[in-house]
Amino acid sequence: MPIIAPEESTVTSIDWQQNDLYRFFAFVFAPPTQECFGLLSQPALPEALRNLWKQLECEGEFTGFEWFTSYEQYESAYIALFDVGIPEPPVPLFESAHDKSYPAQEIALENTYFYEVLGLKSDPGRAVPDYLVTQLEFLAALRYTGEHTSEESTAVSLGRAETEFLERHLLNWLPVAKAKLDRTNAPGFAVLMKMLVQFLRHMCASG
């Protein structure tokens with residue numbers, strides 16, 4: 001489940017290894033909510049993220065974490081970065097905006113094939129299949145299912161699917177998105193994206 005911690009003391013004691021980071025990053029990169037703003041605004045969160053940075057062995061020193069002073073600033077920055085722009089937003093959060101080697105429909109279809117491994121379908125009314133949050137939620141469900149199956153062969157198969165999905169999709173386009181986001185100097189989001197990419201590389205290497 002997403003990390004939603006209304007109390008500062010809860011944030012300082014986050015045990016990242018006990019939390020599903022797929023869901024955490026899906027939570028912070030999803031469209032703005034008061035819950036997310038509340039979590040990322042807490043004074044103790046930069047130190048918690050510093051700990052995660054070290055745990056993930058991110059390159060370089062932790063650069064600190066600055067967040068927005070109001071929900072309205074957070075919401076407008078999110079929209080300006082990820083949702084609105086001509087001909088597209090500065091950093092669209094879906095795969096086909098960054099991988100031009102295949103038609104968008106083909107990329108969406110292949111994502112859908114992976115989701116069908118668990119009998120899942122993305123809701124076209126909410127998001128396209130190659131949307132970052134949809135991809136992360138699928139990976140969270142895949143890992144949870146693999147960890148809770150009693151069949152070793154099923155666990156191995158799901159672990160293989162997780163690694164393949166990371167290689168073919170998220171790690172195919174997120175480093176490109178990260179480079180674009182780095183150029184925007186957007187508070188908070190660039191640090192979170194760097195940690196997300198490093199986390200996914202760890203998961204792929206350990207798969």
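Residues numbered from 1 in each chain as written. Predicted model: local features only at pLDDT ≥ 70, side-chain atom pairs only at ≥ 80, totals over all residues. Heavy atoms only, no water.

Caption draft 1: Spotlight on the overall build of the protein. Helix and strand counts for the protein come out as nine helices and zero strands. When the elements of the protein are put in sequence order from the N terminus, they spell out α-α-α-α-α-α-α-α-α. In the protein, buried positions account for 46% of the 207 residues. In the protein, of all internal contacts separated by at least 6 residues, the share reaching a separation of at least 24 is 70%. Here the protein displays about 10800 Å² of accessible surface, and carbon together with sulfur accounts for 51% of that area. (Helix = DSSP H or I, 4+ residues; strand = E, 2+ residues; numbered from the N terminus. Buried < 20%, exposed > 50% of the residue type's maximum accessible area, 1.4 Å probe, protein only. Contact = heavy atoms within 4.5 Å. Areas by Shrake-Rupley, 256 points an atom, 1.4 Å probe, with all protein chains shown as cover.)

Caption draft 2: How the structure looks around the environment of Leu52. As for its placement among the helices and strands, Leu52 is situated in helix α4 (residues 45-55). A relative accessible area of 0% places Leu52 in the buried class. As for Leu52 and Phe199, which are separated by 147 residues in sequence, their C-alpha atoms are 9.6 Å apart. If we ignore the near neighbours within four places in the chain, the residues touching Leu52 are Trp16, Leu21, Phe25 and Met195.

Caption draft 3: Looking closely at the packing of helix α2 (residues 21-29) against helix α7 (residues 132-147). Look at α2 against α7: their axes get within 8 Å of each other, and the N-to-C directions meet at 160°. Overall, the two elements α2 and α7 adopt an arrangement that is roughly antiparallel. Here the hand of the crossing between α2 and α7 comes out left-handed. Across the interface between the two elements, Tyr22, Arg23, Phe25, Ala26 and Phe29 of α2 pack against Leu132, Val133, Leu136, Glu137, Leu139, Ala140, Ala141 and Arg143 of α7. A breakdown of the residues in the contact of α2 with α7 according to their chemical character gives 10 nonpolar, no polar and three charged. (Axes fitted to C-alpha atoms, helices over the stretch in contact; angles between N-to-C directions. Parallel < 35°, antiparallel > 145°, perpendicular 65-115°, else oblique. Left-handed = near helix turned anticlockwise from the far one by under 90°. Nonpolar A, V, L, I, M, F, W, Y, C, P; charged D, E, K, R; others polar.)

Caption draft 4: Broad picture of the pattern of salt bridges. Scanning all chains against the criterion turns up five salt bridges. Across the pair Arg168 and Glu110 runs a salt bridge whose closest N-O atoms are separated by 2.6 Å. Residue Arg168 is located in helix α8 (residues 152-182), and its partner Glu110 is located in helix α6 (residues 104-115); the two are separated by 58 residues in the primary sequence. For Glu110, a relative accessible area of 22% corresponds to the partly exposed category. With its nearest N and O atoms 2.9 Å apart, the salt bridge here joins Lys178 to Asp182. (Salt bridge = Lys/Arg side-chain N within 4 Å of Asp/Glu carboxyl O.)

Caption draft 5: The arrangement of the packing of aromatic side chains in detail. Tallied over the entire structure, the rule returns 21 aromatic pairs. Between Trp67 and Phe189 the ring centres are 5.2 Å apart and the planes differ by 70°, which places this aromatic pair in the edge-to-face class. Note that Trp67 is positioned in the loop between α4 and α5 (71-83) and Phe189 in helix α9 (residues 189-206), a separation of 122 residues in sequence. Taking the centre distance of 5.2 Å and the plane angle of 85° together, the rings of Phe82 and Phe189 count as edge-to-face. Taken together, the residues span a long stretch of sequence, with Phe82 in helix α5 and Phe189 in helix α9 at a distance of 107 residues. With respect to burial, Phe82 and Phe189 carry one shared label: buried. Among the aromatic residues, ring-to-ring pairing joins Phe29, Phe37, Phe65, Trp67, Phe68, Tyr71, Tyr74, Tyr78, Phe82 and Phe189 into one connected group. (Phe/Tyr/Trp six-rings, centres within 6.5 Å; stacked < 30°, edge-to-face > 60°.)

Caption draft 6: Seen up close, unusual backbone geometry. Each neighbour pair has its own omega, and for Ile86 with Pro87 the value is 0°, a cis peptide bond. Within the secondary structure, Pro87 sits in the loop between α5 and α6. Positive phi outside glycine occurs at Glu57, with the angle close to 60°. Of note, Glu57 is situated in the loop between α4 and α5. Phi is positive for Asn185, which is not a glycine, with a value near 55°. Its location among the elements puts Asn185 in the loop between α8 and α9. With relative accessibility at 66%, the residue Asn185 sits in the exposed group.

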